[in-house]
Amino acid sequence: MQTLSITSQLNQMNSAENESDYKETQTKNPLIDCPLTKPLVTAITIFSLAITTLSTNPQPAQAADYGAFTDEQRFIAEAWRTVDSAYIDRTFNSQNWFQMRQDALKKNYKNMNEAQAEVEKMLSSLGDRYTRYLPPSKYESMVNAATGSVYGVGVELAQSGDRVIASDVEPNSPASRGGLERNDVFVEVDGVKFDDGKATPDDVAVVVRGPEGSKVGVVVERGGKKLDYILTREPIKITSVRSYIGGDIPGVDGKVGVIRIKNFSGTTADTVQEQLEDLKKKGAKKIVLDLRGNPGGLLPGGVDTASLFLEANKPVVFVADKNGVVDSQSTFKDGIDLEIPLVILVDRNTASAAEVMTAALQENKRALVAGEQSFGKGIVQTIRQLEEGKNGGVAVTIARYETPEHHNINKQGITVDVKTSVDCEKTDALACLSKEVFN
(Lines give C-alpha, C1' and ligand atoms only; values in the text may rest on other atoms or scores of the structure.)
Protein backbone atom coordinates (compact mmCIF):
# COMPACT_ATOMS: atom_id res chain seq x y z
CA MET A 1 0.00 0.00 0.00
CA GLN A 2 1.36 3.40 -0.95
CA THR A 3 1.34 5.61 2.11
CA LEU A 4 1.77 9.36 2.31
CA SER A 5 1.78 11.15 5.64
CA ILE A 6 0.84 14.71 6.07
CA THR A 7 2.59 16.46 8.88
CA SER A 8 5.68 16.96 10.86
CA GLN A 9 8.17 14.33 9.73
CA LEU A 10 8.98 16.15 6.52
CA ASN A 11 10.54 18.78 8.73
CA GLN A 12 13.30 16.14 9.02
CA MET A 13 14.33 16.92 5.46
CA ASN A 14 13.76 20.66 5.53
CA SER A 15 13.90 21.68 9.15
CA ALA A 16 12.84 25.02 10.44
CA GLU A 17 15.91 25.04 12.64
CA ASN A 18 18.14 26.06 9.74
CA GLU A 19 15.81 29.01 9.11
CA SER A 20 15.91 28.46 5.35
CA ASP A 21 13.17 29.83 3.14
CA TYR A 22 10.75 27.23 1.90
CA LYS A 23 10.45 26.52 -1.80
CA GLU A 24 7.57 25.67 -4.09
CA THR A 25 7.84 21.92 -3.58
CA GLN A 26 7.06 22.20 0.09
CA THR A 27 3.88 21.89 2.13
CA LYS A 28 2.91 22.91 5.64
CA ASN A 29 2.49 21.29 8.99
CA PRO A 30 -1.26 21.36 9.77
CA LEU A 31 -0.63 22.33 13.34
CA ILE A 32 1.87 25.10 12.99
CA ASP A 33 1.99 26.18 9.38
CA CYS A 34 5.48 24.72 9.31
CA PRO A 35 6.40 23.54 5.79
CA LEU A 36 6.69 19.93 4.78
CA THR A 37 8.96 18.79 2.02
CA LYS A 38 8.72 16.04 -0.61
CA PRO A 39 9.31 13.11 -0.80
CA LEU A 40 6.58 12.41 1.71
CA VAL A 41 7.42 10.15 4.61
CA THR A 42 5.81 11.90 7.57
CA ALA A 43 4.09 11.62 10.89
CA ILE A 44 1.36 13.82 12.32
CA THR A 45 -0.15 14.55 15.58
CA ILE A 46 -3.62 15.51 14.64
CA PHE A 47 -3.54 17.38 17.61
CA SER A 48 -0.75 17.09 18.06
CA LEU A 49 1.07 15.25 16.35
CA ALA A 50 1.42 11.89 16.92
CA ILE A 51 1.91 9.73 13.85
CA THR A 52 -0.71 10.06 11.13
CA THR A 53 -0.43 8.70 7.64
CA LEU A 54 -2.36 9.45 4.50
CA SER A 55 -3.27 6.35 2.51
CA THR A 56 -3.96 6.90 -1.18
CA ASN A 57 -5.22 3.36 -1.77
CA PRO A 58 -8.81 2.35 -0.98
CA GLN A 59 -9.56 -0.52 1.35
CA PRO A 60 -10.25 -3.82 -0.48
CA ALA A 61 -13.90 -4.21 -1.34
CA GLN A 62 -15.97 -7.17 -0.28
CA ALA A 63 -18.26 -8.18 -3.13
CA ALA A 64 -20.84 -9.68 -0.78
CA ASP A 65 -21.43 -6.25 0.70
CA TYR A 66 -22.08 -4.57 -2.60
CA GLY A 67 -24.63 -6.72 -4.41
CA ALA A 68 -27.79 -4.64 -4.28
CA PHE A 69 -26.42 -1.57 -2.58
CA THR A 70 -27.02 1.93 -3.87
CA ASP A 71 -24.02 4.23 -4.34
CA GLU A 72 -24.80 5.83 -0.99
CA GLN A 73 -24.96 2.47 0.79
CA ARG A 74 -21.70 1.31 -0.77
CA PHE A 75 -20.05 4.50 0.47
CA ILE A 76 -21.34 3.88 4.02
CA ALA A 77 -20.21 0.24 3.91
CA GLU A 78 -16.72 1.25 2.84
CA ALA A 79 -16.44 3.90 5.54
CA TRP A 80 -17.61 1.43 8.20
CA ARG A 81 -15.18 -1.26 7.02
CA THR A 82 -12.24 1.16 6.89
CA VAL A 83 -12.78 2.19 10.50
CA ASP A 84 -13.53 -1.35 11.62
CA SER A 85 -10.23 -2.64 10.22
CA ALA A 86 -8.01 -0.25 12.15
CA TYR A 87 -9.73 1.47 15.09
CA ILE A 88 -7.90 0.94 18.35
CA ASP A 89 -10.95 0.72 20.66
CA ARG A 90 -12.37 -2.69 19.81
CA THR A 91 -15.43 -2.02 21.99
CA PHE A 92 -16.23 0.92 19.70
CA ASN A 93 -17.19 3.04 22.69
CA SER A 94 -19.13 0.10 24.17
CA GLN A 95 -21.50 0.05 21.19
CA ASN A 96 -22.76 -2.69 18.89
CA TRP A 97 -20.65 -1.53 15.98
CA PHE A 98 -21.90 -4.24 13.61
CA GLN A 99 -25.52 -3.41 14.36
CA MET A 100 -24.78 0.22 13.65
CA ARG A 101 -23.63 -0.80 10.17
CA GLN A 102 -26.76 -2.88 9.61
CA ASP A 103 -29.03 -0.05 10.69
CA ALA A 104 -27.25 2.47 8.47
CA LEU A 105 -27.49 0.22 5.42
CA LYS A 106 -31.23 -0.32 5.85
CA LYS A 107 -31.96 3.35 5.34
CA ASN A 108 -32.80 4.99 2.04
CA TYR A 109 -30.69 8.00 1.12
CA LYS A 110 -31.84 10.66 -1.34
CA ASN A 111 -28.30 11.75 -2.17
CA MET A 112 -24.65 11.42 -1.16
CA ASN A 113 -24.89 14.36 1.23
CA GLU A 114 -27.29 12.35 3.38
CA ALA A 115 -24.95 9.36 3.28
CA GLN A 116 -22.00 11.53 4.30
CA ALA A 117 -24.02 12.89 7.20
CA GLU A 118 -24.78 9.30 8.26
CA VAL A 119 -21.06 8.44 8.28
CA GLU A 120 -20.28 11.58 10.25
CA LYS A 121 -22.94 10.63 12.79
CA MET A 122 -21.67 7.05 13.00
CA LEU A 123 -18.09 8.11 13.68
CA SER A 124 -19.05 10.83 16.15
CA SER A 125 -20.73 8.14 18.26
CA LEU A 126 -17.28 6.69 18.99
CA GLY A 127 -16.55 9.60 21.31
CA ASP A 128 -13.12 10.18 19.74
CA ARG A 129 -12.72 13.65 18.24
CA TYR A 130 -9.78 12.45 16.16
CA THR A 131 -11.68 9.63 14.46
CA ARG A 132 -13.92 11.48 12.06
CA TYR A 133 -15.24 11.80 8.55
CA LEU A 134 -13.38 14.18 6.23
CA PRO A 135 -15.63 15.72 3.56
CA PRO A 136 -14.17 15.89 0.03
CA SER A 137 -12.97 19.48 0.35
CA LYS A 138 -11.18 18.82 3.62
CA TYR A 139 -9.71 15.55 2.40
CA GLU A 140 -8.54 17.21 -0.82
CA SER A 141 -6.90 19.98 1.17
CA MET A 142 -4.97 17.39 3.18
CA VAL A 143 -3.88 15.62 -0.01
CA ASN A 144 -2.74 18.92 -1.50
CA ALA A 145 -0.84 19.62 1.71
CA ALA A 146 1.00 16.34 1.28
CA THR A 147 1.64 16.49 -2.44
CA GLY A 148 1.43 20.05 -3.69
CA SER A 149 2.59 23.59 -3.13
CA VAL A 150 0.87 25.19 -0.18
CA TYR A 151 1.70 28.17 1.95
CA GLY A 152 0.39 29.70 5.13
CA VAL A 153 0.20 32.74 7.36
CA GLY A 154 2.65 31.84 10.13
CA VAL A 155 0.40 30.97 13.04
CA GLU A 156 0.83 28.06 15.42
CA LEU A 157 -2.45 26.35 16.31
CA ALA A 158 -3.39 24.52 19.49
CA GLN A 159 -6.44 23.07 21.22
CA SER A 160 -7.84 24.97 24.18
CA GLY A 161 -10.83 23.11 25.56
CA ASP A 162 -13.20 22.77 22.62
CA ARG A 163 -11.74 25.75 20.74
CA VAL A 164 -8.74 26.16 18.44
CA ILE A 165 -6.46 29.04 19.34
CA ALA A 166 -3.33 30.73 18.05
CA SER A 167 -0.76 29.47 20.53
CA ASP A 168 1.97 31.51 18.85
CA VAL A 169 2.40 33.91 15.94
CA GLU A 170 5.63 33.83 13.97
CA PRO A 171 7.38 37.23 13.91
CA ASN A 172 7.15 39.16 10.63
CA SER A 173 4.63 36.68 9.20
CA PRO A 174 1.35 37.55 7.42
CA ALA A 175 -0.47 36.74 10.65
CA SER A 176 1.77 39.03 12.70
CA ARG A 177 1.68 41.89 10.22
CA GLY A 178 -2.06 41.50 9.78
CA GLY A 179 -2.82 41.77 13.50
CA LEU A 180 -3.43 38.21 14.75
CA GLU A 181 -2.32 37.70 18.34
CA ARG A 182 -1.48 34.81 20.62
CA ASN A 183 -4.59 33.22 22.22
CA ASP A 184 -6.92 34.46 19.47
CA VAL A 185 -9.74 31.91 19.05
CA PHE A 186 -10.44 30.77 15.49
CA VAL A 187 -14.14 31.11 14.64
CA GLU A 188 -14.13 30.96 10.84
CA VAL A 189 -11.67 30.62 7.95
CA ASP A 190 -12.73 31.30 4.34
CA GLY A 191 -16.37 30.70 5.20
CA VAL A 192 -15.74 27.42 7.05
CA LYS A 193 -16.99 27.73 10.63
CA PHE A 194 -15.07 26.26 13.56
CA ASP A 195 -17.31 27.28 16.45
CA ASP A 196 -19.14 23.96 16.96
CA GLY A 197 -16.70 22.62 19.57
CA LYS A 198 -15.59 19.75 17.31
CA ALA A 199 -12.76 21.38 15.37
CA THR A 200 -9.12 20.37 15.79
CA PRO A 201 -6.01 22.42 14.93
CA ASP A 202 -5.62 20.18 11.89
CA ASP A 203 -9.12 21.08 10.69
CA VAL A 204 -8.34 24.77 10.87
CA ALA A 205 -4.87 24.44 9.35
CA VAL A 206 -5.99 22.70 6.18
CA VAL A 207 -8.25 25.67 5.40
CA VAL A 208 -5.66 28.28 6.37
CA ARG A 209 -3.13 26.82 3.92
CA GLY A 210 -3.29 27.47 0.21
CA PRO A 211 -1.38 28.65 -2.87
CA GLU A 212 1.31 31.28 -2.50
CA GLY A 213 -0.04 34.80 -2.89
CA SER A 214 -3.68 33.79 -2.40
CA LYS A 215 -5.92 35.52 0.13
CA VAL A 216 -7.52 33.86 3.15
CA GLY A 217 -10.24 35.35 5.34
CA VAL A 218 -9.88 34.68 9.07
CA VAL A 219 -12.39 35.49 11.81
CA VAL A 220 -11.11 35.24 15.38
CA GLU A 221 -12.54 36.00 18.79
CA ARG A 222 -10.58 38.16 21.21
CA GLY A 223 -11.88 39.56 24.47
CA GLY A 224 -15.47 38.69 23.57
CA LYS A 225 -15.30 40.49 20.20
CA LYS A 226 -15.07 38.98 16.72
CA LEU A 227 -12.35 40.38 14.48
CA ASP A 228 -12.09 39.84 10.71
CA TYR A 229 -8.77 39.71 8.86
CA ILE A 230 -7.76 39.19 5.23
CA LEU A 231 -4.26 37.71 5.02
CA THR A 232 -2.02 36.78 2.10
CA ARG A 233 -0.44 33.33 2.14
CA GLU A 234 3.31 33.22 1.65
CA PRO A 235 6.34 31.00 2.36
CA ILE A 236 6.90 30.88 6.11
CA LYS A 237 10.28 30.79 7.79
CA ILE A 238 9.89 28.98 11.12
CA THR A 239 12.56 28.84 13.79
CA SER A 240 11.42 25.89 15.87
CA VAL A 241 14.36 25.87 18.31
CA ARG A 242 15.69 29.00 19.99
CA SER A 243 17.98 29.45 22.97
CA TYR A 244 19.13 32.24 25.26
CA ILE A 245 20.70 32.90 28.65
CA GLY A 246 17.94 33.97 31.00
CA GLY A 247 18.00 36.74 33.56
CA ASP A 248 19.03 36.24 37.16
CA ILE A 249 16.68 34.37 39.50
CA PRO A 250 17.04 35.39 43.16
CA GLY A 251 18.40 32.47 45.16
CA VAL A 252 19.66 30.54 42.13
CA ASP A 253 23.40 30.26 41.68
CA GLY A 254 24.86 30.38 38.19
CA LYS A 255 23.44 31.19 34.80
CA VAL A 256 20.34 29.45 33.50
CA GLY A 257 20.09 28.63 29.81
CA VAL A 258 16.71 28.28 28.08
CA ILE A 259 16.00 26.17 25.01
CA ARG A 260 12.57 26.79 23.53
CA ILE A 261 11.27 23.98 21.28
CA LYS A 262 8.18 24.93 19.27
CA ASN A 263 7.71 21.52 17.62
CA PHE A 264 9.68 18.36 16.86
CA SER A 265 11.17 17.41 13.51
CA GLY A 266 13.82 14.94 12.43
CA THR A 267 16.63 17.44 13.11
CA THR A 268 15.38 18.86 16.43
CA ALA A 269 17.72 16.71 18.54
CA ASP A 270 20.77 17.85 16.54
CA THR A 271 19.74 21.48 16.90
CA VAL A 272 19.07 21.12 20.64
CA GLN A 273 22.50 19.53 21.04
CA GLU A 274 24.11 22.50 19.28
CA GLN A 275 22.17 24.99 21.37
CA LEU A 276 22.99 23.14 24.59
CA GLU A 277 26.71 23.17 23.85
CA ASP A 278 26.55 26.87 22.99
CA LEU A 279 24.72 27.72 26.23
CA LYS A 280 27.27 25.79 28.29
CA LYS A 281 30.08 27.74 26.60
CA LYS A 282 28.28 30.90 27.70
CA GLY A 283 28.33 29.70 31.28
CA ALA A 284 24.93 28.03 31.71
CA LYS A 285 24.89 25.72 34.75
CA LYS A 286 21.20 24.80 34.52
CA ILE A 287 18.87 24.32 31.56
CA VAL A 288 15.16 25.02 31.05
CA LEU A 289 13.46 23.24 28.17
CA ASP A 290 10.48 25.45 27.29
CA LEU A 291 7.78 23.30 25.66
CA ARG A 292 4.83 25.64 26.17
CA GLY A 293 2.50 25.52 23.20
CA ASN A 294 4.45 22.68 21.58
CA PRO A 295 1.81 20.52 19.79
CA GLY A 296 4.20 17.66 19.08
CA GLY A 297 5.36 16.89 15.59
CA LEU A 298 7.58 14.00 14.64
CA LEU A 299 7.67 11.32 17.33
CA PRO A 300 11.32 10.32 16.69
CA GLY A 301 12.24 13.98 17.17
CA GLY A 302 10.85 13.87 20.70
CA VAL A 303 12.44 10.49 21.40
CA ASP A 304 15.86 11.58 20.09
CA THR A 305 15.78 14.84 22.04
CA ALA A 306 14.96 13.03 25.28
CA SER A 307 17.80 10.62 24.57
CA LEU A 308 20.32 13.47 24.67
CA PHE A 309 19.90 13.57 28.45
CA LEU A 310 19.45 9.87 29.32
CA GLU A 311 21.73 6.95 30.01
CA ALA A 312 21.79 3.93 27.70
CA ASN A 313 19.00 1.35 27.93
CA LYS A 314 16.43 3.71 29.44
CA PRO A 315 12.81 3.35 28.26
CA VAL A 316 11.49 6.37 26.37
CA VAL A 317 8.04 5.42 25.03
CA PHE A 318 5.79 2.45 24.24
CA VAL A 319 3.34 2.41 21.31
CA ALA A 320 0.43 -0.07 21.54
CA ASP A 321 -1.78 -0.94 18.54
CA LYS A 322 -5.37 -2.26 18.38
CA ASN A 323 -4.20 -5.81 19.08
CA GLY A 324 -2.27 -4.77 22.16
CA VAL A 325 1.07 -5.31 20.44
CA VAL A 326 3.55 -2.96 22.08
CA ASP A 327 6.56 -1.45 20.33
CA SER A 328 9.09 -0.24 22.89
CA GLN A 329 11.66 2.46 22.21
CA SER A 330 14.67 2.83 24.48
CA THR A 331 17.98 4.66 24.40
CA PHE A 332 20.85 2.65 22.95
CA LYS A 333 23.75 4.80 24.15
CA ASP A 334 24.49 7.42 26.79
CA GLY A 335 23.30 10.93 25.96
CA ILE A 336 25.60 13.92 25.64
CA ASP A 337 24.82 15.34 29.08
CA LEU A 338 23.64 13.18 31.96
CA GLU A 339 24.22 15.65 34.80
CA ILE A 340 23.24 19.24 34.02
CA PRO A 341 20.08 20.10 36.02
CA LEU A 342 16.99 20.17 33.78
CA VAL A 343 13.62 21.84 34.20
CA ILE A 344 10.87 21.33 31.63
CA LEU A 345 8.21 24.05 31.39
CA VAL A 346 4.88 22.84 29.98
CA ASP A 347 1.35 24.19 29.63
CA ARG A 348 -2.09 22.93 28.63
CA ASN A 349 -1.10 23.05 24.95
CA THR A 350 1.99 20.86 25.33
CA ALA A 351 0.97 17.69 23.50
CA SER A 352 1.87 14.45 21.76
CA ALA A 353 5.61 14.11 20.98
CA ALA A 354 6.31 16.95 23.43
CA GLU A 355 4.55 14.94 26.13
CA VAL A 356 6.51 11.85 25.13
CA MET A 357 9.78 13.70 25.71
CA THR A 358 8.54 15.26 28.95
CA ALA A 359 7.37 11.95 30.41
CA ALA A 360 10.58 10.20 29.39
CA LEU A 361 12.75 12.69 31.28
CA GLN A 362 10.38 12.97 34.23
CA GLU A 363 9.84 9.25 34.80
CA ASN A 364 13.52 8.46 34.34
CA LYS A 365 14.17 10.99 37.13
CA ARG A 366 16.23 13.17 34.81
CA ALA A 367 14.17 16.39 34.85
CA LEU A 368 11.72 18.30 36.99
CA VAL A 369 8.51 19.33 35.23
CA ALA A 370 7.01 22.74 36.01
CA GLY A 371 4.01 24.68 34.76
CA GLU A 372 0.51 23.22 34.41
CA GLN A 373 -1.06 19.92 33.38
CA SER A 374 -0.20 19.13 29.77
CA PHE A 375 -2.79 18.55 27.05
CA GLY A 376 -3.01 14.76 27.07
CA LYS A 377 -2.75 13.49 23.50
CA GLY A 378 -1.35 10.00 23.52
CA ILE A 379 -2.93 8.55 20.40
CA VAL A 380 -1.96 7.98 16.78
CA GLN A 381 -4.10 8.50 13.67
CA THR A 382 -4.11 7.40 10.05
CA ILE A 383 -6.02 9.09 7.23
CA ARG A 384 -7.60 6.94 4.50
CA GLN A 385 -9.53 7.84 1.39
CA LEU A 386 -13.03 6.65 0.53
CA GLU A 387 -14.03 5.74 -3.02
CA GLU A 388 -10.64 6.87 -4.33
CA GLY A 389 -11.10 10.22 -2.61
CA LYS A 390 -14.25 11.16 -4.55
CA ASN A 391 -16.24 11.16 -1.31
CA GLY A 392 -13.51 12.30 1.04
CA GLY A 393 -11.88 10.10 3.64
CA VAL A 394 -11.72 9.17 7.29
CA ALA A 395 -9.23 9.84 10.06
CA VAL A 396 -8.92 6.83 12.36
CA THR A 397 -7.14 6.41 15.70
CA ILE A 398 -4.96 3.31 15.34
CA ALA A 399 -2.56 3.28 18.31
CA ARG A 400 -1.73 4.91 21.63
CA TYR A 401 1.35 5.94 23.55
CA GLU A 402 2.44 4.77 26.98
CA THR A 403 5.08 6.47 29.11
CA PRO A 404 8.17 4.64 30.47
CA GLU A 405 6.13 3.67 33.53
CA HIS A 406 3.27 2.52 31.26
CA HIS A 407 0.95 5.41 32.02
CA ASN A 408 -1.66 6.23 29.40
CA ILE A 409 -1.59 10.02 29.14
CA ASN A 410 -4.42 10.33 26.62
CA LYS A 411 -7.05 12.78 27.92
CA GLN A 412 -5.05 12.86 31.17
CA GLY A 413 -1.90 14.79 30.39
CA ILE A 414 1.24 14.88 32.49
CA THR A 415 1.05 16.06 36.08
CA VAL A 416 3.76 18.60 36.82
CA ASP A 417 6.13 18.31 39.76
CA VAL A 418 5.80 22.02 40.56
CA LYS A 419 2.85 24.20 39.56
CA THR A 420 3.92 27.58 38.23
CA SER A 421 2.60 30.35 36.03
CA VAL A 422 2.82 29.70 32.29
CA ASP A 423 1.80 33.17 31.14
CA CYS A 424 5.22 34.77 30.88
CA GLU A 425 6.48 35.79 27.44
CA LYS A 426 7.78 33.05 25.17
CA THR A 427 11.09 34.93 25.14
CA ASP A 428 11.41 34.96 28.95
CA ALA A 429 10.57 31.54 30.38
CA LEU A 430 12.45 32.24 33.61
CA ALA A 431 9.82 34.84 34.53
CA CYS A 432 7.47 31.89 35.11
CA LEU A 433 9.86 30.09 37.46
CA SER A 434 11.06 30.57 41.01
CA LYS A 435 14.12 29.31 42.83
CA GLU A 436 12.18 26.29 44.19
CA VAL A 437 12.21 24.52 40.83
CA PHE A 438 16.02 24.61 40.76
CA ASN A 439 16.64 23.43 44.33
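We now turn to the structure provided with this report. (Residues numbered from 1 in each chain as written. Predicted model: local features only at pLDDT ≥ 70, side-chain atom pairs only at ≥ 80, totals over all residues. Heavy atoms only, no water.)

Here we look at the state of the cysteines
- In total, this model carries one disulfide according to the counting rule given.
- With its sulfur 1.9 Å from that of its partner, C424 forms a disulfide with C432. Around the S-S axis, the bridge from C424 to C432 shows a dihedral of about -115 degrees and counts as left-handed. In this pair, the class of C424 matches that of C432, namely buried. (Disulfide = S-S within 2.5 Å. Buried < 20%, exposed > 50% of the residue type's maximum accessible area, 1.4 Å probe, protein only.)

A short note on the layout of surface pockets
- Of the volumes computed, that of the second largest pocket is approximately 340 Å³.
- Lining the second largest pocket are 18 residues, and of these G127, D128, I379, N410 and K411 lie nearest its centre.
- Tallied by class, the residues present in the lining of the second largest pocket amount to six nonpolar, six polar and six charged. (1 Å grid on protein atoms, 1.4 Å probe; cavity = no way out; pocket = protein on both sides within 12 Å on 5 of 7 lines; lining within 4 Å. Points joined across faces, edges and corners; volume = space filled by probe spheres on them. Nonpolar A, V, L, I, M, F, W, Y, C, P; charged D, E, K, R; others polar.)

Quick look at unusual backbone geometry
- In this structure, N93 takes a positive phi of about 60 degrees despite not being glycine.
- Within the secondary structure layout, N93 lies in the loop between helix 2 (71-86) and helix 3 (97-106). (Helix = DSSP H or I, 4+ residues; strand = E, 2+ residues; numbered from the N terminus.)

As for the packing of helix 2 against helix 3
- Relative to each other, helix 2 and helix 3 sit at 170 degrees, their axes nearing to 10 Å. Compared by their axis directions, helix 2 and helix 3 come out roughly antiparallel. For the pair helix 2 and helix 3, the contacting residues are Q73, I76, A77, W80, V83 and D84 in the first and W97, F98, R101, A104 and L105 in the second.
- Split by residue class, the contact of helix 2 with helix 3 holds eight nonpolar, one polar and two charged. (Axes fitted to C-alpha atoms, helices over the stretch in contact; angles between N-to-C directions. Parallel < 35°, antiparallel > 145°, perpendicular 65-115°, else oblique. Contact = heavy atoms within 4.5 Å.)

Some details on the sheet that holds strand 12 (residues 241-245)
- Strand order across the open sheet formed by six strands is 12-13-14-17-18-21, with mixed pairing between neighbours. The strands lining the two open edges of the sheet, one partner per strand, are strand 12 and strand 21 (418-419).
- Pairing of strand 13 (residues 255-261) with strand 14 (residues 284-290) involves six bridges; the strand directions are parallel. When the bridges of strand 14 are listed, I259 appears paired with L289.
- On the sheet, helix 10 (residues 353-363) packs against strand 14, strand 17 (342-346) and strand 18 (368-371) and is oriented at approximately 145 degrees with respect to strand 17. (Pairing = 2+ DSSP bridges.)

As for the packing of helix 2 against helix 4 (residues 112-124)
- Packing of helix 2 against helix 4 brings their axes to within 9 Å, and their N-to-C directions diverge by 25 degrees. For the element pair helix 2 / helix 4, the angle class is roughly parallel. Note on packing geometry: the crossing formed by helix 2 with helix 4 is right-handed. Listed contacts from helix 4 to D71, E72, F75, I76, A79, W80 and V83 of helix 2 are M112, A115, Q116, E118, V119, M122 and L123.
- Classifying every residue of the contact of helix 2 with helix 4 gives 10 nonpolar, one polar and three charged. (Left-handed = near helix turned anticlockwise from the far one by under 90°.)

Here's the deal with the packing of aromatic side chains
- Taken as a whole and judged by the stated rule, the model has five aromatic pairs.
- Here F75 and Y133 contribute two aromatic rings whose centre-to-centre distance is 5.9 Å and whose plane-to-plane angle is 75 degrees, an arrangement assigned as edge-to-face. Here F75 is found in helix 2, whereas its partner Y133 is found in strand 5 (residues 132-134), with 58 residues between them in sequence.
- Judged by its relative accessible area of 7%, Y133 falls in the buried class.
- By way of ring pairs, the aromatic residues W80, Y87, F92, W97 and F98 are connected into one cluster.
- Positioned over the ring face of W80 is R101, at 5.4 Å from the centre of the ring.
- Stacked on the ring of Y130, the Lys or Arg K377 has its end atom at 4.9 Å from the ring centre. (Phe/Tyr/Trp six-rings, centres within 6.5 Å; stacked < 30°, edge-to-face > 60°. Lys NZ or Arg CZ within 6 Å of the ring centre and 35° of its normal.)

With respect to the side chain of D184
- As for its position among the elements, D184 is in the loop between helix 6 (174-178) and strand 8 (185-189).
- Assessed through its relative accessible area of 2%, D184 is described here as buried.
- Engagement of the side chain of D184 in a polar contact is seen with the side chain of R222, the distance being 2.7 Å.
- Leave out the neighbours within four places in its chain, and D184 touches V164, I165, A166, V220, E221 and R222. (Polar contact = N/O pair within 3.5 Å; in protein donor to acceptor, adjacent residues only side chain to side chain.)

Digging into the nonpolar core
- Counting residues in hydrophobic clusters, the biggest one holds 37 residues, and the most contacted among them are I259, I287, I344 and L361.
- Of all the secondary-structure elements, those providing two or more residues to this core are strand 13, helix 8 (268-281), strand 14, helix 9 (299-307), strand 15 (315-321), strand 17, helix 10 and strand 20 (393-402).
- Top element by residues in this core is helix 10. It accounts for six residues.
- The contacts of I344, once residues within four sequence positions are left out, are L289, L291, M357, T358, L361, A367, L368, V369 and A370.
- Judged by nonpolar contacts, the second largest core, of 24 residues, contains A79, M122, L123 and L386. (Core = buried A, V, L, I, M, F, W, Y, C linked by side-chain atoms within 4.5 Å.)

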